[in-house]
Structure formats: structure tokens, C-alpha cells
Amino acid sequence: MEILVASAIGALTAGGVYLILRLRAFAVILGLALLSYAVNIFLFSTGRLAVNKPPVLDGYTVTDFAAYTDPLPQALVLTAIVISFGMTAVLVMFALGAYLEAGDDRIDMDAPDQRGHTAAAADAQDPGTDGLKFSFESKERDA
Amino acid sequence: MFSENSLLPIIAMLPFLGALVPGLMIRAGRNACASFTAIPTVLALVMLATLAPGVMEGTVYRAEIQWLPQLGLSAAFFLDGLGLLFAGMILGVGLLITLYARFYLSGKDPMGQFYTYLLLFQGAMLGIVLSDNILLLLIFWELTSLSSFLLIGYWKHLPEGRQGARMALTVTGAGGLAMIGGMLILGQIVGSYNLTDILAAGDQIKSSEWYAPALILILLGAFTKSAQFPFHFWLPHAMAAPTPVSAYLHSATMVKAGVFLMARMWPALAGTDLWFYIVASVGLITMVMGAVIALFKDDLKALLAFSTVSHLGLLTMLLGFGTPEAAIAAVFHIINHLTFKAALFMTAGIVDHETGTRDIKRLGGLAKLMPITAVIGTVAALSMAGFPLFNGFLSKEAMLHEAAHTTWYENPWIVGALATLGALFSVAYSLRFIVHVFAGPVRDDYPAKPHDPAFGMWAAPAFLCVFVIAIGVAPFLATPVVKMAAEAVTGQDLSFYLKIWHGVNTALLMSIAAIIGGVILLVLHRHLDRVWIAMPRPEAKAIFDRLIAATVDIMRAMTTALHHGAISRYLAIFVLVTVALGVIAFAGGAMGPATRDLTPIPPVVFIGWVLLMAAVAMVVIHHRVRFRALVVIGVIGLMISVGFVYLSAPDLALTQISVETVTILLLLLALHFLPKQTPVESGAGRRASDAALAVIAGVAVAALAFGFMMRDFSTISNFHLANSKSGGGGTNVVNVILVDFRGYDTYGEIIVLGIAGLCIYALMEALLNGPAGRKLRNADFGLDRSRDRHPLMMVVATRVMLPIALMVGVYIFLRGHNQPGGGFVAGLIFSIALLMQYMASGFAWTTRRQKFEYHALIGFGVVIAGLTGVGSWLAGRPFLTSNFGYFEIPPIEKFELATALLFDLGVFLCVLGAVMLMLYSLSRLARHAGETVNNEPMEYDPSSAVRAPSAPGKGA
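What counts as what
Residues numbered from 1 in each chain as written. Chains lettered and ligands numbered in written order. Predicted model: local features only at pLDDT ≥ 70, side-chain atom pairs only at ≥ 80, totals over all residues. Helix = DSSP H or I, 4+ residues; strand = E, 2+ residues; numbered from the N terminus. Buried ≥ 20, exposed ≤ 12 C-beta atoms within 10 Å, placed from the backbone. Contact = placed C-beta atoms within 7 Å. Axes fitted to C-alpha atoms, helices over the stretch in contact; angles between N-to-C directions. Parallel < 35°, antiparallel > 145°, perpendicular 65-115°, else oblique. Nonpolar A, V, L, I, M, F, W, Y, C, P; charged D, E, K, R; others polar. Left-handed = near helix turned anticlockwise from the far one by under 90°. Pairing = 2+ DSSP bridges. pLDDT = per-residue confidence, 0-100. Expected span 1.5 Å × (residues − 1).

Broken down by element type, chain A carries four helices and one strand. For chain A, the sequential pattern of α-helices and β-strands runs α-α-α-α-β. Within chain A, the proportion of its 143 residues that are buried is 54%. In chain A, 57% of the contacts between residues at least 6 apart in sequence involve partners at least 24 apart.

Structure follows, in C-alpha cells:
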């Protein structure tokens, strides 16, 4: 069991690291999502694995601590899950904003001497920008 | 109750408070401004004067304001003889400078600013000499560096001023940093940061093995501040400052701070061989070198600057000797140097002011044109030269006496000989100051018409000259002050008398030799000057500039290599370094043996694991096809939720599955506007290396997790289990931890979540009002869309489900304290229920029916949670202590109410508000992008027989 959990954490981490090293914002967001999973499970696993021992008491006083799993990491992870959603949302917002302002969703700044070249090339042939085609002549929407 | 001790912090604070005044008063005119600057100084002087008699009798006044006593941090002040002497000098000269500057500064200079800087500096200096806590002293020490930076660079339009200010800040600031290290070591050795304790623990410090590093670091601070070789070069460049600044900082106060520190630390640090060889040797070198260079400087202020360097070297050397007699001589010379050097600087300023030049080669014959200035300058310069009947003679004599009796590496004459050489050059440059400026025929090529300045300008130097002569003629007048300060320096009772005539002794002969030699040097000056100019000399500024440029280059190379704009590179470096640190930690510490057994793996769990691993692999392989990757990410989240269920974490499972839903919705929304494909941009090599790095990181983390899970360690978790019901009133321990034991954390977390929501909202506002918004309005989504954007089935189903879903949410919320559930999960469930309406019936339809603002929800959530916490104050308990009780209302069973439930309500509202605000903000994009808007209950009204138009109309 421990081997499975540890290997799952490892796989999630490896996948996450590989994806955050990609050059596009969406891949990075996916990678961060995988890394959040990995971190959350890792934190959770510090409370040791236990089957059928939820930390919900069935009496007023606890006599046998071994009958319950460790509740503390669970509490920590619970908020971590929600917070990581908030973080993902902020990142998505950044990515969207950057994409809408700049016209592509690269995460790296180009070297200054290449910037003009790549920006022009990106509009022309980059399959990554095909979702949204901008036309700059004013096209008034009807109110 | 009035206590004299309480005056100390007030004295230290007065200049800082006063620093606010000149900036305001400048509107009332220059005289008013100067007068108001004088007020805090005068007040502080008067307070000091009331304490002076006590100090003279040997009382040490103390005042302490505790701040963090556990860390040794407190605002502690004390006043003893040395502190009184320096405080008096700082305030007294400060007053004279205020007067002088009023006349010196021209109408174009911002005077209010000048006086503000001056008072800031004065406060910092006072702080140094009054501090009883070395950490406090360090703060004031750095403040003098900063405020002197402002003063030196006061004439911002002059490049020399700016460069000089930067150089002074760099050198003294770096020394200050070194000194922080030294002081901290000192504090560690003694176990206290109180100066009084440190001074009393001299033997303990000197026998400590940390003595040498502490000493060297502290001396670095003192030497840089007091311009000792090889850090002397900043002082002449700081002369670009207005002359009042030079007179104040560079003769009387700031450069004396290093000397003060050495004197202050004398009982704790002095007396060892190390101290002698470092301090005395550096002082000796500085003294001779400064004097030699001073003779060949043509700029009046540069001459005085190097002479100051030389005299500071003299003081350092005397303190370095480590004998009480030398300490007496040092204290006496501090007073004398202050009087004649400040007067000389002010004289130089007057000459500059009146003739328009400070170049000695262009001056001469001023005695006839400016008789008063000439008298003042001559008196002060003769004292500097060490002629009898002036005060400089007395302390120089004492110095020569000490030098003649000092053995340096078993060599009995070298110190005396070099000291005489220094004195000789000192005579030469002092006489040059007199002869080449005031004597000789009147010239007709001065840049301006020189004449004596207004009384206000020469009053200050003349006042100082009174001391020069009075002490010179009647040294017994200074005896009590010198005795008081010297006893404070050495910590011993001293009895001595200052007198002019000691009989014919070695010192007198050395003095006579110096005067004769100095006169000869001056006569030969023209020839020597030619040799000097022809001689190659290291130019300190060029070396300093090259050093700074080289440092900047190295830093820039490092920055551009590491930080060149590619975030993927930073991330790779970060991952690599983290893994490397982990490996180092693993290799360094012995890991204990595994203490736990592996738990068995049922087949169904194995299947789940295979699914999870396959999903991860698919996300990685297919991440370019964004939509597919998103779907598979959902599988991962689901498997993790199932895992949580199996591994006894029902709360986590509930949270994970609802967060998963919301996240996927969020990413789907975003993907609508983002490209649907990721292009291949990195080559095979790059991908392979990234993959290798990823695998290394993955294996490392897996190994860490496995190692962790196989070992036992002690935790505080059992406390929570034991007290959950009895102390927190709930059986769901996880929930009780969240809302009770660690309520503070949760409170912080919901605030973070709320801020994230507001952040997204604000970003979206900025985005929609900026160029992105315009682009978006003109964007053409070339996608195939479903004609039936709000399918009837879905609309009906979600509307039916809404009350049910909300009911589930309420149920989950209420049971949270005792069963899995709670505010977090309930908030997410509510969000999902509302989001379904947005999805099925459209943004406009839902927004129109929404009666509350999501911002307000966040606010209410935080406020309710906060008030719940505050409520426990009313019961006299700490913030967020929960209370609970059992109630019985007849038709219902006995039930429990806990304040924690109220707190959980805050959590619930905040989560709901934040999640909804985030998704709501994102969906606003869609409206700007020309989505069709649907306000009706249904796009297709089944009750009407007429079909809706096949192409939905635009606009609302």
C-alpha cells in the first residue's frame, strides 16, 4: 500500500515537473495542478495510511488512539485543497490576461533581439494561436 | 514621578522630532527656519546640562524601555563621562553649525531640507553615544551612514557630491554590516546585548575563542567610519558636501564615531596583543600617510580632509596603545581636534565663500583683505600644527610622549620616529594653510572680491578659537572634563593634571624637531610638490570605481545567466537545487531503520492505482491536446478522492471531489478563450532533459514519501483526538481542528481565498477595460457551436436539482461538526449548484436572478468568522475560543449549538463567495466576447407553438 501511494506521489510529481517546464501557460497550469495533488497526498501521507479508521469519534472520551487515523494532516490538507483551487484560479486568470493582451500564451520572455521576429511569426503560423483571430477594424456590437 | 533618568530617551529623540520642523518652517523664512532648528538642539543641551553635574560626580544615568527582552532588544540609554563629552560635542557643534549654515547656504539651496537632514544626523549621532544596547547602537550607527549620505549628496546637481555620497555610503555601510556581525558575536559571548554588561565582561571576552573574529569585525566598522587606512579614501571625496556638513560630520562627529566606538569598547576589547598590533599599527600608518598627502593637496578642504584622516589615525593609535595614559591623551585630543578642526573647516568655507575658490595656488595675501578670518584661521592652524600655548600642542605632546615609550615588535624607537614624522608633516601643512592663504602679497586675480563675512558667519569659528586658546593657556580648565571622560573610557580611577610645561623631555625634543622640520618642508614645498606630482601614486577613487564596476559586472553576469526571462529555466533551476538539497540532507543525516510494516494491497486498490498512473501518463503525453488533458485530469482527481475515502479521510474525499468539479469548470471556461492546442516548441533534446529532471524529482519525492510513511515519530495529534469532544464539542475531529483548535489558521486561509477571489475580479476589470477588452469585443470565435446552447433537458434538470442540491449543502454544513462535512464542503456544494444554473440557463439569465453580490459574501464570511472569534473575548477567553451547549426545543430532539458553527458559517460564506466570484469573473469574458445573451427563462419556450428563430439574435 505504501509503495502504491509513494509511487503515485512520485508519478504526479514527475508529471507535474515535466509540464511546468513546458513553454505554454496551459501546460504549466496542468503541471501545477498535478503538483498540487502530489503535495496534498504527500502531506496526507505524513499521517500514515490507515484503512477504516476515520477520525470521527464514536464516544465522549477516546480510550484507544490507535482506533483513529491521524486527523491533523487531514485538516491541513483540507484547507490546502481549497487554497490550491484559489491559486489555480489566479494563475488561469494571469494566463488568460497575458494571452488576451499579448496574443499568445508563452510563459518565457524572448531575448530582446528575437522578440520582434517571434511575435510576428507567432501570429502567422503558430497553431497555438488559432483559437482567437483578432481583427482590428472596429466592429461595433449592437447595444 | 520625575526622574533624571527619563531625560535620556527624550534627549535622544529630540533631534528626530525636531527634524520635522525645519521642513515646515522654511515657509516662514530662512531666519525662522534656522532658529527653529536650533530649538531642539538647545533643549537637548539644557537637559544634558542638568545631568552634567551628576555625571561629573560619577553617576551613570540609565533608562530602559523594554521591547523584546527575550531577544535582548530594548531601547536602553545610559550616560556616563564619555557619553556626556560626545553628546555635548555633538549638540554644541551642531548649534554652531546651524548658525554658520544659515549664512553659508545660498538663497538657491533648499534650506529646510538641509536642516532636516542635519537634525536627523544629529539624532543618529546622539543615539550612538547614548545607547546602552548594542543592537540599538547598531541601528543608530546605520542611521548616521544614511543621514550622512543625504548630507554629502545635498548638492544633488554636482556629480562629485553624488559620487562622494555613494562612496561614503558604500564604505561606511559595508563596515556597518561587518560590525553587526561583530556585535552579535560579542552579545553571544557575554550573553547580553547590554553595553554595561559587555563592558564588565572584558576578561570573558578576551579569553573567548571568538574574540579575534568579533574584534576584527567591530574594528572594520570603526575603521571605515573613522576613515582609517585602507578605508580612508572616502573622506576626501565626501568633501564635495557643503562646508557646514564637512565641518560637522567630518571633523567633529561622524568620523569620530569610529573613535568613539573604540573608546567605548576599550574596557571590553583593548589591552591584548591583537588589539595593539591592529589598532595601533593602522592608526600609525593612517596618521603618517594622511599627513604626507595633506601637504600636497591644493584644495583647502582636501588638505583639511587628509589632515583629519591623519588626526583620526593619531587618535586610533593612542587608543591602540591600550594604556590609561594613552587613553587620557586620546580623550584630550578628541576635544582639541574638535575645536581647531571645526574652526578650520569653517574658515575654509568662509574663504571659499568670499573668494570663490578653494585652490591654495590661487590664494594668498588674504590677511589684509579678511583680517578677522585670517586671525581665526591662523590660531586654529597653529593649534593643529602643535605650537605651544595652543591646545593642539598639549595633546600632541602627550601623544609623542606615549609614542616614544611604545615598543613595537621589540623595536623601541620606530613608533616614536614615525609619530615625529607625522607631526613634522602636520606642522608643514598647517603652516602652508597659513602662509599660502593668508600671508604674502595681495593678489588681483581672485574670482570674487574678498572681504570679511557677516558676524554670524565668523562667530562660530571665533567661538571655537576661544577654546583653542583658553585650553592652550590654561589646560587645568579642561582637566575635569578629560578626567571624567577618560575614567569612563578606561573604567579606572585616574589622577593627573594637564599642564603646559613638563620640563625638557623626549616629547619636547620631538616636538621641536617636528616644528623645525615642518618649516624646512614648507620652504622646500615648491620642489617637493614637483616630485610628488611626478611620482606614481595609486588613485583610490579609480580603484574603488573599478572594484564597484567589476562587482556590478559579476552580478549582472550572474543575473543574466540565471534570470534572463525564461520562467521555465528558473523552474528547472529551482527543482534541481531543491532535489540537490534533499540529496545532501539525506546523505548527511543517518536515517533510522524502518519501524512500520507495509500494509497489504487489495486488488481493487491496485486497479485504482493503475488508473491513476495511466491518467498521469496520458496527461503528460497528450498535454498538447488541451481538451483531452483536461478530461483526464478529472480522472486523476476522482481517483484521489476515492483514495481518500479508502484511507479513512471522508472529509478530504468530499472536499477533493467538489473542488475537482469546480476546477474543471474553471479550466473549461478558460480554455474557451485559450488556444486549444499546444504547439511543439522544444526540441527532442530539451524534452529529454526535462523528462530526466522530472523523473529525478519524482523518484526523489517518492522515496521521501516512502521513507516517511515507513517510520514512526511522535505527534501532537492525540491531543486533538482526546480533546475534540470534550473541548470542542464535536466528534468530527478534522472539522473541530479546522474551526476550533486551529481556527486561527482557518481564519487566515479563508481571508487568503477571499483575497484571491477579489484579485481575480480586479484583474478581470482591468483586463476588460484595457486593450484585451477591445480585442475581445472584436474577436471572431471561429468555432463550431452547438445551436442549442441551453438544452431543454439540462435547463429543466438543473432547475429541479437546485433546491435539492442546496438542501444537501445545508445538510452537509450542519452535520459537519460531528460527521464528515462542514463549511468548506458546503460552500463548494452550493457553488456547484449555482454554477449548474449558469451553465444550463446562461450567464445573463442567472445573473439577473441573483440577488446578492459575491464580494459581499466574502466580506460577510470574514466578518462573521472574525466576530465569532472576538465574541470569546466577551467571555474573557482568547480569540476564537469556542463554546458549545445542548439545547432542547420541545418538538425537536435535544441538539447541540456551538459557536464553532457560527465560525463555520463564516467559512462557508467566504468559500462560496470566493469560488463564485472567480468563476463569475471568468464568465464575464464571454459576454464581452459577443456571446449571445439569453434573458428569458428558456431559449425555446415550449408553451408557444412558434419555433424560436434558428439563428439566435444578438444583444440584450
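This is not the end of the story, as more comes after the structure.
Turning our eyes to something else, we now look at the overall build of chain B. When you go through chain B residue by residue, the secondary structure sums to 40 helices and five strands. Every one of the 956 residues in chain B was classed for burial, and the buried ones make up 48%.

Another point: the packing of helix 1 (residues 7–18) of chain B against helix 3 (residues 30–56) of chain B. All names here are of chain B. For the pair helix 1 and helix 3, the least separation of the axes is 9 Å and the interaxial angle reads 170°. Between helix 1 and helix 3, the angle falls in the class roughly antiparallel. Residues Leu 7, Ile 10, Ile 11, Leu 14, Pro 15, Leu 17 and Gly 18 of helix 1 touch helix 3, and the partners they reach there are Ile 39, Pro 40, Leu 43, Ala 44, Met 47, Leu 48 and Leu 51. Split by residue class, the contact of helix 1 with helix 3 holds 13 nonpolar, one polar and no charged.

The next thing to look at is the interface of chain B and chain A. Opposite the 107 residues of chain B that make contact, chain A presents 92 residues. Take the side of chain B that touches chain A: its biggest share by element is 14 residues, from helix 31 (residues 684–709) of chain B. Taken together, the residues that form the side of chain B that touches chain A break down as 69 nonpolar, 26 polar and 12 charged.

Another point: the packing of helix 17 (residues 324–355) of chain B against helix 20 (residues 391–404) of chain B. Residue and element names in this part refer to chain B. Interaxial distance between helix 17 and helix 20 falls to 9 Å at its minimum, and their mutual angle equals 150°. Overall, the two elements helix 17 and helix 20 adopt an arrangement that is roughly antiparallel. Judged by the twist between their axes, the crossing of helix 17 over helix 20 is left-handed. Residues Glu 325, Ala 326, Ala 329, Phe 332, His 333, Asn 336, Thr 339 and Phe 340 of helix 17 form the contact with helix 20, whose participating residues are Asn 391, Gly 392, Leu 394, Ser 395, Ala 398, Met 399 and Glu 402. When grouped by side-chain class, the residues that make up the contact of helix 17 with helix 20 number seven nonpolar, six polar and two charged.

Turning our eyes to something else, we now look at the pairing of strand 2 (residues 73–79) of chain B. Residues and elements named next belong to chain B. The pairing of strand 1 (residues 61–68) with strand 2 spans seven bridges and is antiparallel. In the sheet register, Glu 64 faces strand 2, and the bridge partner there is Ala 76. In sequence, strand 1 turns back onto strand 2 through a hairpin of four residues, with Gly 72 there showing a positive phi of about 75°.

So, about the confidence of the model for chain B. Residues and elements named next belong to chain B. Across chain B, the average pLDDT comes to 85, with 94% of residues at 70 or higher. Below pLDDT 50 for its whole length, residues 950–956 participates in nine contacts with residues either more than four positions away or in separate chains. For this predicted complex, the interface confidence comes out at an ipTM of 0.81, alongside a pTM of 0.68.

What follows concerns the environment of Ala844(B). Looking at the secondary structure, you find Ala844(B) in helix 38 (residues 843–848). With 80 residues separating them along the chain, Ala844(B) and Arg924(B) place their C-alpha atoms 9.7 Å apart.

This next bit is on unusual backbone geometry. One can expect most non-glycine residues to show negative phi and most peptide bonds to be in trans. In this chain, Phe229(B) is followed by Pro230(B) through a cis amide linkage whose omega measures 0°. Relative to the elements of secondary structure, Pro230(B) occurs in the loop between helix 10 (211–225) and helix 11 (234–237). You will see that Asn52(A), though not glycine, has its phi angle at about 60°, which is positive. Owing to 9 C-beta atoms within 10 Å, Asn52(A) belongs among the exposed residues under this scheme. The residue Ala227(B) is not glycine, and still its phi comes out positive at about 55°. Within the element layout of this structure, Ala227(B) appears in the loop between helix 10 and helix 11. Using a count of 30 C-beta atoms within 10 Å as the deciding quantity, one classes Ala227(B) as buried.

With that settled, the discussion passes to helix 29 (residues 626–646) of chain B. Compared with the 30 Å implied by 1.5 Å per residue over 21 residues, the 31 Å span of helix 29 of chain B between its first and last C-alpha is a close match. Three or more residues of helix 29 of chain B are buried, namely Arg626(B), Ala629(B), Leu630(B), Val632(B), Ile633(B), Ile636(B), Gly637(B), Met639(B), Ile640(B), Ser641(B), Gly643(B) and Phe644(B). As for helix 29 of chain B, its buried residues are in contact with helix 2 (25–45) of chain A together with helix 28 (603–621) and helix 30 (650–673) of chain B. The positive-phi residue at the C-terminal boundary of helix 29 of chain B is Ser648(B), with phi of around 65°.

The next subject is the environment of Thr196(B). All names here are of chain B. Looking at where Thr 196 falls in the secondary structure, it is placed in helix 8 (residues 195–200). Overall, the presence of 15 C-beta atoms within 10 Å leaves Thr 196 in the partly exposed class. With sequence-adjacent residues up to four places away left out, Thr 196 is seen in contact with Phe 78 and Asp 132.

Before going further, it helps to spend a moment on the confidence of the model for chain A. Residues and elements named next belong to chain A. Residues of chain A with pLDDT of at least 70 account for 73%, and the chain-wide mean is 77. Helix 1 (residues 2–20) holds the highest mean pLDDT among the elements of chain A, 93, whereas helix 4 (residues 112–125) holds the lowest, 42. Below pLDDT 50 for its whole length, residues 111–143 participates in 42 contacts with residues either more than four positions away or in separate chains.

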